[in-house]
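Structural overview
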Amino acid sequence: MTVTLEVSAGVGTIRLGRPPMNALDIATQDRLKELAEEAARRDDVRAVVVYGGEKVFAAGADIKEMQVMDHAAMVVRGKALQDSFTAVARIPKPVVAAITGYALGGGCELALCADFRIAAGNAKLGQPEILLGLIPGAGGTQRLARLVGPSKAKDLIFTGRHVKADEALAIGLVDRVVPAAEVYEQAHAWAAKLAQGPALALRAAKESVDAGLETDIETGLAVERNWFAGLFATEDRERGMRSFVEEGPGKAKFL
């Protein structure tokens, strides 16, 4: 399989497995979508790690496959390409990307779909599509600009240059840089901690933030307000408040 889903201690690891560079061909894109949707559905998956392995996250699309596609073919395929990545972005649970080596083109766009990004010190990220006479087509022009701001996004997209881990951290493209040998361990630990939390409240928080970024503040506040009120109907809210009153803050158990 080009992509697999393994579950341990409430954490689902979506792992790319198309050596040597995890090129994101059509089969890999379609499988990624299937497993992202499965992770979203499964009750035993409470947080997700997206991982490419010890050497590389994903070096981009399969250029040889794309080279033979004409305009008509990409009109048909372009939506499916975006949908495969959007399925990861819409997993209603915390998602962390564990980035080793290259995360370029589609690989960078996949990392952008996560809520948090932990990168190896040797990681290199970028959107080099301009060097092929193209632009990012799997969400890069939209998610990158929302994450790092339009000016920095345009710099990376216009030039196609690679960004080393230290610069990626400085501009907010990644959230933590660690030794390469610790990337997956730290990503899993981040996910495992959140997997112990209140699932519905985490979903509400994620969807409120994401929806708010895509609309005006008044609509965003309405989304937040509805989720906030709705959580008062949940067992996790009862458990959390009861624990706070009886035991003090931070001691509630949600599993």
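Look a little higher up for the structure.
Residues numbered from 1 in each chain as written. Predicted model: local features only at pLDDT ≥ 70, side-chain atom pairs only at ≥ 80, totals over all residues. Heavy atoms only, no water.

Let's talk about the pattern of salt bridges
Convention followed: A side-chain nitrogen of Lys or Arg and a carboxyl oxygen of Asp or Glu constitute a salt bridge if their distance falls within 4 Å. Starting at the N terminus, helices and strands are each numbered in turn, a helix being any DSSP run of H or I of at least four residues and a strand any DSSP run of E of at least two. Only protein chains enter the accessibility calculation, which uses a 1.4 Å probe; a residue whose area is less than 20% of its type maximum is buried, one above 50% is exposed, and one in between is partly exposed.
Evaluation of the coordinates by the stated rule reveals 15 salt bridges. Salt-bridge contacts for Asp-83 lead to Lys-79; the nearest nitrogen and oxygen are separated by 3.0 Å. Here Lys-79 and Asp-83 lie together in helix H3 (residues 71-89), a separation of 4 residues that amounts to about one turn. By relative accessible area, which is 27% here, Asp-83 ends up partly exposed. For Glu-207, the salt bridge is made with Arg-203, and the minimal N-O distance between the two is 3.1 Å. Taken together, the residues Glu-207 and Arg-203, both in helix H9 (residues 199-213) and 4 residues apart, mark about one turn of the helix. Judged by relative accessible area, which is 28%, Glu-207 ranks as partly exposed. Several salt bridges share partner residues, and in doing so they unite Arg-18, Asp-25 and Asp-62 into one network.

Quick look at the pairing of strand S4 (residues 95-99)
Stated precisely, the cut-off is as follows: Only when DSSP finds a minimum of two bridges between them are two strands counted as paired.
With 5 of 5 residues buried, S4 lies mostly within the body of the structure. Pairing analysis gives 4 bridges linking strand S3 (residues 47-51) to S4, with the strands arranged parallel. By the bridge assignment, Val-49 is partnered in S4 with Val-96. Judged from the 4 bridges that link them, S4 and strand S6 (residues 116-120) form a sheet pairing that is parallel. If you follow Ala-97 over to S6, its bridge partner there is Arg-117.

Remarks on the environment of Asp-175
This is how it is decided: By definition, residues are in contact when any of their heavy atoms lie within 4.5 Å. The term polar contact refers here to a pair of N or O atoms within 3.5 Å; inside protein, the definition further demands a hydrogen-donor-capable atom paired with an acceptor-capable atom, and it admits residues adjacent in sequence only when both atoms are side-chain atoms.
Examined against the element boundaries, Asp-175 turns out to sit in the loop between helix H7 (165-171) and strand S9 (176-178). On the basis of relative accessibility, which here comes to 33%, the residue Asp-175 falls in the partly exposed class. Spatially, the C-alpha atom of Asp-175 lies 30 Å from that of Ala-27, the residues being 148 residues apart in sequence. Those residues in contact with Asp-175, other than ones at most four positions away along the chain, are Phe-116, Arg-117 and Leu-169. A polar side-chain atom of Asp-175 sits 2.8 Å from the main-chain amide nitrogen of Arg-117.

Treat this as a map of the structure, not an account of what it does.
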